[in-house]
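In case you want the letters, here they are:
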Amino acid sequence: MSAENRLERRTVVAELVRDRGDLLVVSGLGSPTWDLMASGDHDLNCYLWGAMGAAATIGLGLALAQRDRPVLVITGDGEMLMGLGALATIGSRRPPNLAIAVLDNEHYGETGMQPSHTATGLRLDAVARDCGIAASEEIADLEALATFRARLHAKDDASFAAIKIEADDPPRVLAPRDGVYVKNRFRAALGLDPI
Ligand SMILES: Cc1ncc(C[n+]2csc(CCOP(=O)(O)OP(=O)(O)O)c2C)c(N)n1
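Residues numbered from 1 in each chain as written. Predicted model: local features only at pLDDT ≥ 70, side-chain atom pairs only at ≥ 80, totals over all residues. Heavy atoms only, no water.

1. Focus on the overall build of the protein chain
So, step 1. Secondary structure assignment for the protein chain yields eight helices and eight strands.
So, step 2. Its C-alpha atoms give the protein chain a radius of gyration of 15 Å, near enough to 16 Å, the size a compact globule of 195 residues would have.
So, step 3. Judged by the C-alpha coordinates and their principal axes, the protein chain covers about 50 × 35 × 30 Å.
So, step 4. Residue burial in the protein chain is summarised as follows: out of 195 residues, 49% are buried.
So, step 5. Once local pairs closer than 6 in sequence are excluded, the contacts in the protein chain between residues at least 24 apart make up 74%.
So, step 6. Of the roughly 8400 Å² that the protein chain leaves accessible, carbon and sulfur atoms contribute 53%. (Helix = DSSP H or I, 4+ residues; strand = E, 2+ residues; numbered from the N terminus. Rg over C-alpha atoms; globule rule 2.2 N^0.38 Å. Buried < 20%, exposed > 50% of the residue type's maximum accessible area, 1.4 Å probe, protein only. Contact = heavy atoms within 4.5 Å. Areas by Shrake-Rupley, 256 points an atom, 1.4 Å probe, with all protein chains shown as cover.)

Structure below.
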């Protein structure tokens, strides 16, 4: 795919969380967390500032614990590549309310734009499908993105999307950094006591 045709990351994330209803969102460290914050802070956003490789597993746990709510993980290709084993477990459990959206810019953006494995042909949507996530696709246009968003709210099956985006670096919009605060705000919004 040519680089000129790629989607813009902030547009993608704003579309994914538009009219979000009871959606729970986990964002992977770095750029995806800045993107989510740029689309508007929310009590049901779980921002990660670290734990590289763990975003999808946190989403899996949430989806299994909160089965009536849609759960969306928004993360980077580098972050997903560090925790590929999560896809095997998600594929075997297949929680119908879980969707994984990888913002695939084919680079490790935050650390200086080193090319990632997807730059040399690795297809994360194929990996996810082979792991058992049948509803897995590569997305390169807003129409397909809207369909993915609708599917996640329908909660019919676990889904995965590798969303091909530009390798740009928009200004950082920093999310709350206190993990205990973010966790307990999230829990309170679910009617759960702080821990
Ligand atoms: C265990 C660990 N290794 C490396 C890092 C450094 N690090 C932070 S963000 C990042 C790159 C993330 O790339 P990607 O997920 O593709 O996001 P992008 O910024 O490209 O959208 C790296 C390598 C880290 N924080 N933790």
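There's plenty left to go through after this.
2. Focus on the packing of helix α1 (residues 9-16) against helix α2 (residues 31-38)
So, step 1. Relative orientation of the contacting elements α1 and α2 amounts to 60°, with a least axis distance of 9 Å. Considering their axes alone, α1 and α2 lie oblique with respect to each other. Regarding α1 and α2, the two cross each other, and that crossing is right-handed. Taken together, the residues of α2 that come into contact with α1 (itself represented by Arg9, Arg10 and Val13) are Ser31, Pro32, Trp34, Asp35, Leu36 and Ala38.
So, step 2. Its residues assigned to classes, the contact of α1 with α2 shows five nonpolar, one polar and three charged. (Axes fitted to C-alpha atoms, helices over the stretch in contact; angles between N-to-C directions. Parallel < 35°, antiparallel > 145°, perpendicular 65-115°, else oblique. Left-handed = near helix turned anticlockwise from the far one by under 90°. Nonpolar A, V, L, I, M, F, W, Y, C, P; charged D, E, K, R; others polar.)

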